[in-house]
Amino acid sequence: MSRSTADSTPSVTLPTPEERRRLREALALSEEQVAEAMGVTKATVKAWEAGRSAPRGRKREAYARLLGACGPEGPQPSPDPAGRAEAVSGSALTPSAPSSPVSSRPPATPAGDGVSMPAERLKPEAPEPGAPETAEKPQAAEKSEVAEKSEAAEKSEAVGPAAPTEPAAPVEAPAGSGGLTPEEAFDALYAHAAPGLVHQTYLLTGRRALSREAVERAFQQAWQRWPEVAVDADPVGWVRATAYEYALSPWHRLRRAHKHPDAAPAEAGRRGQELLSALLELPPPYRRTVLLYDGLGLDLPDTAAETEASTPAAANRLLHARTVLGRKDPELAEPEELHRRLNALVAEEPAATALPAARAVRTGSEHRTRTWTRAVVGVTAVLIAMTGFTAVTAPTRYVPVNAPGETVNGVPVRGGPEKLRPEDVELRDRLRSEPNPGPERLLPVAG
């Protein structure tokens, strides 16, 4: 399942959607400021950072320069599609820790509100000789922006540091091979990440069958978009986000098999079962946030990006989830204890699950793609045929419709005077020809 992307490959390589958000927040820029600088709307910037779309042409280059993704020599060309399989052998199979977003950026100096800002943005621009002084920014706007940044920083400090996670051992390519084919890379990724993702999805939903189905569907989508997943900085995170989205879909509540959660495993112990039941009582967005941050050890910006929320919103969700869990179990009120117990629950050896083979997942994905493609082509062909038949058989001019006469029953008899007889006609003529003035007028006689 490979396709050529030589015609559609952009000239500038943008960071991943999560990296775009992290770079913007490291530059202390809001979505409104980025939208104003790029000449787009705030919703477009949100779509760029969520991965639903990407800028093109000159806006792509300008967006990369704004985020600092281009080097001093200009935009770097995207990698050759033919070498993607070799790139997958190192990056697609090793879920490495997210790189620092400010590693290639100018050094940051702390601002007065505790939020680090790049040094270049803090330097005042030298006014040109003879040019009038520009109006300063209103103090009210500066205070509101600083207050928002301070609030976000305080919430991030209140949430606490993410639990450290040990990097997983990389999956090495077979000895003597210069690189992995797409099939081999996908099979290695599936064997490395699928069991753990099934276990994490079970902790998120409490349903074993649904977790297996969600992970299988996520890997099928990953194989459909393998050219994109292969060059992603965190392919395991890509599959994890897809599996979580599918597992938390509200439509599963209408399915009888997934209506109620399964019983907690006995291997988790009493405390693990209590923690799992408390997690399942949280709303899905809060449950997902606390699992990503306290269970998997993602930092707050990465957690916010994966849940498609702002960093302050993710911090509020995390604090609320910790408060609710602390009410269920007083020991969980301490962030360190919650870190430890969730880490132990996530790192627990997943139960043996009957997962399909990687080849079966790839075959199912290709079969699903072919089925949908044939269905779309069939429906399109039927619509074209119906349109053509209508165009051929339709009249070219208007033909009036003359309805044939029909006998109508139940109509009342026509009213009016009857036909005159001959005697009546003779009497009428005589009256008209000889008018009778009547008797003479009587005049009174005086006595």
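The structure reproduced in this document is the subject of the present report. Keep in mind that what you see is a predicted model, and the values were worked out from it rather than measured.

### Comments concerning the environment of arginine 327
Then step 1. Looking at the element boundaries, arginine 327 is found in helix α15 (residues 311-328).
Then step 2. Counting along the chain gives 49 residues from arginine 327 to alanine 278, while the straight-line C-alpha distance between them is 9.8 Å.

### Considerations on the packing of helix α8 (residues 182-205) against helix α11 (residues 235-247)
Any two packed helices are characterised by how steeply their axes cross, that is the angle between the axes, and by the distance between the axes.
Then step 1. Contact geometry of α8 with α11 gives a least axis separation of 10 Å together with a crossing angle of 35°. Judged by the twist between their axes, the crossing of α8 over α11 is right-handed. Residues Leu189, Ala193, Leu197, Gln200, Thr201, Leu204 and Thr205 of α8 pack against Pro235, Val236, Val239, Arg240, Ala243, Tyr244 and Ala247 of α11.
Then step 2. Residues belonging to the contact of α8 with α11 are distributed by class as follows: ten nonpolar, three polar and one charged.

### Observations regarding the nonpolar core
Then step 1. Of all hydrophobic cores here, the largest spans 28 residues; its most connected members are Leu275, Leu279, Leu282, Val290, Leu325 and Leu338.
Then step 2. Those elements that provide at least two residues to this core are α8, α12 (269-280), α13 (284-295), α14 (300-306), α15 and α16 (335-347).
Then step 3. With six residues, the single largest contributor to this core is α15.
Then step 4. Contact partners of valine 290, with chain neighbours within four places excluded, come to Leu279, Leu282, Gly295, Leu318, Ala321, Leu325, Leu338 and Leu342.

### Here's the deal with a nonpolar patch on the surface
Then step 1. Residues Val379, Val382, Leu383 and Met386 make up a contiguous nonpolar surface patch of about 390 Å² in total accessible area.
Then step 2. Summarising the element assignment, leucine 383 is placed in helix α17 (residues 358-393).
Then step 3. Classification of leucine 383 by relative accessible area gives exposed; the value is 52%.

Conventions we followed
- Residues numbered from 1 in each chain as written.
- Predicted model: local features only at pLDDT ≥ 70, side-chain atom pairs only at ≥ 80, totals over all residues.
- Heavy atoms only, no water.
- Helix = DSSP H or I, 4+ residues; strand = E, 2+ residues; numbered from the N terminus.
- Axes fitted to C-alpha atoms, helices over the stretch in contact; angles between N-to-C directions.
- Left-handed = near helix turned anticlockwise from the far one by under 90°.
- Contact = heavy atoms within 4.5 Å.
- Nonpolar A, V, L, I, M, F, W, Y, C, P; charged D, E, K, R; others polar.
- Core = buried A, V, L, I, M, F, W, Y, C linked by side-chain atoms within 4.5 Å.
- Buried < 20%, exposed > 50% of the residue type's maximum accessible area, 1.4 Å probe, protein only.
- Patch = residues over 30% accessible without salt bridge, like charges linked within 9 Å, V, L, I, M, F, W, Y side chains within 5 Å.
- Areas by Shrake-Rupley, 256 points an atom, 1.4 Å probe, with all protein chains shown as cover.
- Salt bridge = Lys/Arg side-chain N within 4 Å of Asp/Glu carboxyl O.

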